[in-house]
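Summary of structural features
Here is what each chain is made of, one letter per residue.
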Amino acid sequence: MKLFNRDRLNLVIAVSAIMISLASFYATYLQARAANQQVKIMTMPVIQFSHENYDEESNRNLITFNFRNAGSGPAILKSVSFKYKNTDYSSTHAFLQACCQKEYEMMMGKYNSSLKNHHPSLDEGFQISSEINEVIIPAQSKYPFYSLSRGATTSELWEKVDKERWNLSISACFCSPLGNCYESNSKKISMEVNQCPNN
């Protein structure tokens, strides 16, 4: 009796072909997975929060709250949470009400009074607040979402915000155009999440 007859030889060849196909499939799967990870890394946004109180360009005392995308792909902001003295707030306005309501009302009173008497100028101080949900921040760019200049109208509020901004931390949830979502706050750079909470 022969060790390898035709049937056994065919069986060995068939099993070998299946094993080669499985190995090839697994190698292809690993390559696709690595390519997918590489695409994710190449398009991953990284959102960081920063604040400052002086603008060198305009040579002005200007408090600015910024989001900076330090990643390699654009970020779509989905939700933002402002943490001030262990309490979460959902907007810049809510934070200002919590930290500086008296000074904010003083500013609005001065502003309304100056509107009656004359057209206020930028030198009297100004406040600008921008949308933060569903905003697209390109890679390696900064998005200022709140600005407060120091002037006669805004001086009390400016001083209070300048002091209290150090007690503020911000968490942001954002997604890449590919649909991968991430969360970042002052303690971690970016952590992948299934989806962003609705604000």
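Scroll up to find the structure.
Summary of the structure given here. (Residues numbered from 1 in each chain as written. Predicted model: local features only at pLDDT ≥ 70, side-chain atom pairs only at ≥ 80, totals over all residues. Heavy atoms only, no water.)

**Here's the deal with the overall build of the chain**
- In terms of helices and strands, the chain carries three helices and 10 strands.
- In sequence order, the secondary structure elements of the chain are arranged as α-β-β-β-β-α-β-β-β-α-β-β-β.
- Within the chain, buried positions represent 33% of all 199 residues.
- Long-range pairs, those at least 24 residues apart, make up 63% of the contacts in the chain between residues at least 6 apart in sequence.
- For the chain, the exposed area adds up to about 12500 Å²; of that, 54% sits on carbon and sulfur atoms. (Helix = DSSP H or I, 4+ residues; strand = E, 2+ residues; numbered from the N terminus. Buried < 20%, exposed > 50% of the residue type's maximum accessible area, 1.4 Å probe, protein only. Contact = heavy atoms within 4.5 Å. Areas by Shrake-Rupley, 256 points an atom, 1.4 Å probe, with all protein chains shown as cover.)

**Focus: the state of the cysteines**
- As enumerated under the stated definition, the model contains three disulfides in all.
- Through a disulfide, Cys175 is tied to Cys181; the S-S separation comes to 2.1 Å. When the S-S torsion is 90°, as for the bridge of Cys175 with Cys181, the disulfide is right-handed. Per residue, the accessibility class of Cys175 equals that of Cys181, and both read buried.
- In the chain, the bonded cysteines, numbered by position in the sequence, are linked as 1-2, 3-6, 4-5. (Disulfide = S-S within 2.5 Å.)

**Things to note about the sheet that holds strand β2 (residues 62-69)**
- Here we have four strands laid out as an open sheet, ordered β1-β2-β7-β5, and antiparallel in their pairing. Of all strands in the sheet, those bounded by a partner on one side alone are β1 (47-52) and β5 (127-129). Between one strand axis and the next, the sheet turns through 25° on average, direction left out of account.
- One ladder, built from three bridges, connects β5 with strand β7 (residues 141-149); its direction is antiparallel. From the neighbouring strand, Ser129 faces β7, where its bridge partner is Tyr146. (Pairing = 2+ DSSP bridges. Axes fitted to C-alpha atoms, helices over the stretch in contact; angles between N-to-C directions.)

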